[in-house]
Amino acid sequence: MPFTRWQSARRKWGLKLILLLAVVAGIYTLYLDQVIRTKFDGNRWALPAIVYARPLELYPGLPLTPAQLADELQLAGYRQEAKAVDGGGYDWEGNRLHLVTRDFHFPEGLEKSVDLTLSFAGNQLASLTLTATGELLSGIRLEPARIGSFLPQNHEDRVVLTREQLPELWVKTLLAVEDQHFYSHPGLDPLAIARAMWVNMRAGETVQGGSTLTQQLVKNLFLSNQRTFWRKVNEAVMALLLELHYDKDEILTAYANEIFLGQDGNRAIHGFGLASHFYFRRDLQDLAPEQIALLIGMVKGPSFYNPVTHPDRCTTRRKVVLDLMLSRGVIDEPTYQLAASTELANDTMPRSGFNRFPAFLDLVRRQLRQDYREEDLTSDGLKIFTTLDPQVQQRVEKELAATIAELEKRTSRPGLQGAVVISSREGAEILAVAGGRKPLQSGFNRALDARRSVGSLIKPAVYLAGLANGYTLACPVEDRSFTLDNPGGQPWTPRNYDRQEHGRVPLYEALAQSYNLATVKIGMDVGIDKVVQTVRDLGVDRDFPAYPSLLLGAAEMTPMEVTQMYQTMATGGFHLPQRAINSMLAADNTIIKRFGLEVEQRFAPELIYLLNTGLQLVVAEGTGQALADFLPPAHQVAAKTGTSDDLRDSWFAGFTGDKLAVVWLGQDDNKTTGLTGAGGALVVWGRIMQGLPTQPLELSEPAGIEWAHLDRQTLTVTNSLFFNKGKKLPFLSGTAYSKEPASTTAQAPPVSKKQGLVQKFLNWLN
Amino acid sequence: MLTHSRRNLITQRWLIALIMLIGLLGHSCVATKNEQGPTSLLQANAEEALQAEQFDRAEMLLERAMRVEPRNPENWHLMGRVRFGQHRYAQAVQFCLKSNSLVGKNATLGKQNWILIEKAYTAMGETQKAAEIRRNYLERP
């Protein structure tokens with residue numbers, strides 16, 4: 001029968017269609033299954049690299065004010081409390097600080113939390129004691145501040161917790177609020193769905209969701225936020241599949257680590273571990289009930305219930321969660337009363353230390369890129385221990401911005417820019433970097449990328465080459481005008497800054513007063529190639545065109561390169577590659593890379609001693625005298641001013657007993673600044689150092705040095721027992737009384753010639 | 001022209017000389033307080049690590065010590081010993097030279113540096129240099 005045949009054919013095709021759909025659905029389910037397992041079995045999250053500042057070493061005698069320490073603690077994520085009990089808290093008892101450190105994995109291993117009491121005497125740390133026993137400690141270090149992170153492409157940041165690290169109160173609250181039947185349903189909760197549908201129908205809008213934690217996790221991990229039918233189907237299937245493969249605790253832990261809980265600039269705060277640090281400066285385990293209630297309340301809408309921007313909404317939401325906690329027996333009545341009455345403002349004060357120092361982080365990133373791929377840096381959870389000193393960095397940023405603003409007013413030339421690099425004098429560790437006047441602007445990093453004419457900052461290299469080739473600090477040099485033939489170009493007639501000639505001057509004075517004519521004379525006598533080689537030996541290892549104008553600083557360098565050059569002088573002639581990173585740990589705290597100290601002697605200590613004495617005279621009586629407005633003369637700073645043609649660049653580079661700093665000021669478009677080195681960069685340098693604990697510069701006198709007196713009038717050197725006249729200067733042993741430079745043939749300085757005991761004593765007295 | 005601070009320094013030194021003279025005449029000597037520096041514990045731990053041939057650990061301890069007392073020649077000498085233990089002999093020489101540049105009047109430490117430098121040159125097979133060091137710094141009366 002046709003009708004029956006048609007019916008049977010329809011049934012046949014229908015069956016085939018159902019079969020086909022079942023196959024497609026099956027394949028699709030297998031595909032979803034694969035997606036889930038790939039994500040869950042591999043590295044679930046790309047973990048950003050965390051960048052740390054240097055740890056603060058605390059020891060009796062350390063120059064540190066209570067305010068500075070409080071600032072360090074805030075940056076390191078510590079909380080000031082009425083009475084500190086848990087790790088990461090501190091309180092003041094008068095002028096004594098009580099502090100509980102956190103467990104921390106240093107490259108050397110885990111250091112456990114300790115309960116300490118610190119006392120201060122004036123601007124110094126006076127003593128460190130263990131609070132419980134009163135035992136005096138000789139030193140301890142704080143865990144370092146987290147200053148930044150290299151985020152994955154999705155900008156997600158998180159601190160991954162294990163199931164054991166999830167406190168029971170948190171688990172109970174989460175289940176009470178989000179999914180009461182979590183431990184009994186198979187991924188979907190039909191009862192919850194029915195209830196939600198009923199409530200929503202009655203309300204006429206969506207007021208309650210029926211999603212299980214598993215569904216929420218699936219949505220966050222794999223799906224979009226769109227409310228479509230297909231997304232709901234996918235979500236349900238994937239939730240069932242997830243439950244099929246993984247146990248409840250694993251799903252709960254993944255939920256705790258995945259969920260989005262706020263935004264900090266371009267950084268997305270994911271997971272309860274990081275959210276707890278971000279909003280409360282505490283580990284999740286240390287949170288009070290009302291803090292747990294707040295975070296769990298935020299799951300519903302992290303921006304909408306943000307405690308900082310919407311405290312009222314947040315408080316209301318927290319109350320809803322606390323009510324649920326009470327009604328479902330998670331907390332008792334007294335706990336509820338206490339929690340509900342706690343002010344919100346007291347415990348929520350996120351202060352982001354993240355990527356606060358972009359210029360320094362830029363340097364760190366560049367150093368790492370030499371050895372690592374970008375994705376390794378942004379996905380493997382590396383821990384990078386750097387040399388940044390937050391106290392120095394903050395001072396640099398503040399003073400650079402403020403001084404530039406003042407200088408602009410004074411010169412009426414807007415658009416002034418600047419850069420600063422500060423390193424430790426002996427260790428060559430970079431303590432601070434400013435790449436521009438606005439520290440949070442991460443664009444052009446002038447400290448690393450602005451190659452500018454260094455002006456007179458080059459002169460120490462010229463004088464060092466001179467001293468290595470027979471000149472002494474007392475040698476008379478002609479500071480008179482002359483013209484040099486310039487093959488293939490215009491003849492060159494250098495001039496002094498004051499357009500004057502100064503006649504016959506001793507070498508140290510030519511350096512101290514930065515006389516151009518005398519400098520070119522010395523440089524031409526020694527040979528430009530030797531000066532270039534000296535610059536390279538000092539650490540700027542690249543080619544410079546060997547033109548006479550190089551002697552007056554036509555060479556272009558970045559502030560970082562200048563720092564490297566002066567570092568070799570500051571260390572007494574030893575070259576140390578500058579370091580911004582000390583070590584790197586993998587996510588499991590094993591060391592994967594160390595950036596150890598390397599030292600290489602490049603110059604005889606005697607030569608550097610003479611040069612550095614000359615650089616001290618720059619500040620004591622030369623172009624750097626204005627530094628006395630900021631630091632007492634007893635600091636005996638060694639430094640040099642630098643000014644390029646038409647006042648386009650203002651430089652100051654120098655060192656104290658413990659810090660080396662280089663400051664550059666200029667316009668990005670290379671227009672004139674209207675500032676000399678002394679009128680601009682020196683002021684920034686002085687103001688930065690003025691506010692930092694610095695040590696006076698004491699040069700260690702090598703064995704091969706003798707002292708004699710220079711009569712400035714006659715330019716003769718004498719050394720009698722009692723009737724000395726003029727300036728006392730150091731010389732290489734045996735060179736004090738040679739009247740003229742001992743020609744350009746270099747004599748290696750005698751290294752260990754011993755002075756008689758009596759002569760040494762008399763020298764010391766004078 | 002002597003600066004004001006320089007003149008003060010000279011006066012101070014004359015006064016110190018006078019006090020020392022009086023002290024000598026009275027057959028007494030100025031007692032020096034044997035204070036332990038802030039890094040003495042780190043140095044002691046580094047020394048232990050060196051003895052146990054844990055050179056990387058010693059290095060990290062010393063880097064901490066050097067951050068606190070960067071001009072303490074003992075730290076640089078110990079770093080020389082670390083590098084020697086790591087068979088990085090050229091660096092061992094350099095660290096000892098650096099230590100010597102800061103050693104001042106501590107002749108004992110100065111000599112220890114030269115001994116290590118000599119050993120490092122010998123280990124590198126640079127026998128001539130080693131002999132030179134012995135002749136100039138170690139065999140002199």
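Residues numbered from 1 in each chain as written. Chains lettered and ligands numbered in written order. Predicted model: local features only at pLDDT ≥ 70, side-chain atom pairs only at ≥ 80, totals over all residues.

**Let's talk about the domain arrangement of chain A**
When the domains of chain A are assigned, the result is domain 1 (1–42), domain 2 (68–143), domain 3 (156–347), domain 4 (356–445 + 559–597 + 649–698) and domain 5 (705–765). The distance between the C-alpha centroids of domain 1 of chain A and domain 2 of chain A comes to 66 Å. (Domains from an automatic or database assignment.)

**Focus: the interface of chain B and chain A**
Across the boundary between the two partners, chain B contributes 28 residues, which contact 29 residues of chain A. Breaking the side of chain B that touches chain A down by element, the ones donating at least two residues are helix 1 (4–25), helix 2 (40–51), helix 3 (55–68) and helix 5 (89–102) of chain B. The greatest single-element share of the side of chain B that touches chain A, amounting to 8 residues, is contributed by helix 3 of chain B. Each residue belonging to the side of chain B that touches chain A can be placed in one class, and the counts come to 13 nonpolar, 7 polar and 8 charged. (Contact = placed C-beta atoms within 7 Å. Helix = DSSP H or I, 4+ residues; strand = E, 2+ residues; numbered from the N terminus. Nonpolar A, V, L, I, M, F, W, Y, C, P; charged D, E, K, R; others polar.)

**Considerations on the sheet that holds strand 8 (residues 115–121) of chain A**
All names here are of chain A. As summarised here, the arrangement of the 5 strands in space is 3-4-5-8-9, forming an open sheet in which the pairing is mixed. Edge positions in the sheet fall to strand 3 (79–80) and strand 9 (124–130), since each has one partner strand and no second. The sheet contact formed by strand 3 and strand 4 (residues 89–93) spans 2 bridges and is parallel. Bridge pairing in strand 4 links Arg79 to Gly89. (Pairing = 2+ DSSP bridges.)

**Quick look at the confidence of the model for chain B**
Residue and element names in this part refer to chain B. The predicted model of chain B averages 84 in pLDDT, with 73% of residues at 70 or higher. Element-level pLDDT for chain B is lowest in helix 1, with a mean of 60, against a maximum mean of 98 in helix 4 (residues 73–85). Every residue in residues 23–35 is under pLDDT 50, and counting partners more than four places away or in other chains gives 4 contacts. Overall fold confidence for the complex sits at a pTM of 0.85, while the interface term, ipTM, reaches 0.84. (pLDDT = per-residue confidence, 0-100.)

**Structural notes on the sheet that holds strand 17 (residues 430–434) of chain A**
Residue and element names in this part refer to chain A. The 5 strands lie next to each other as 17-16-28-27-26, forming an open sheet whose pairing is antiparallel. Looking at strand neighbours, the two that pair on one side only are strand 17 and strand 26 (638–643), the edges of this open sheet. Geometrically, the sheet is characterised by an average inter-axis angle of 5° between neighbouring strands, direction not taken into account. The pairing of strand 27 (residues 649–655) with strand 28 (residues 659–667) spans 7 bridges and is antiparallel. When the sheet's bridge partners are listed, Phe652 is paired in strand 28 with Val663. Sitting on the sheet, helix 21 (residues 559–570) touches strand 16 (416–424), strand 27 and strand 28, and the angle it makes with strand 28 is about 150°. (Axes fitted to C-alpha atoms, helices over the stretch in contact; angles between N-to-C directions.)

**Focus: the packing of helix 6 (residues 107–123) of chain B against helix 7 (residues 127–138) of chain B**
Residue and element names in this part refer to chain B. Packing of helix 6 against helix 7 brings their axes to within 7 Å, and their N-to-C directions diverge by 165°. Accordingly, the angle class assigned to the pair helix 6 and helix 7 is roughly antiparallel. Helix 6 and helix 7 meet at a crossing whose hand is left-handed. Contacts between helix 6 and helix 7 involve Trp114, Ile115, Ile117, Glu118, Tyr121 and Thr122 on the former and, on the latter, Thr127, Lys129, Ala130, Ile133, Arg134, Tyr137 and Leu138. Broken down by class, the residue content of the contact of helix 6 with helix 7 amounts to 8 nonpolar, 2 polar and 3 charged. (Parallel < 35°, antiparallel > 145°, perpendicular 65-115°, else oblique. Left-handed = near helix turned anticlockwise from the far one by under 90°.)

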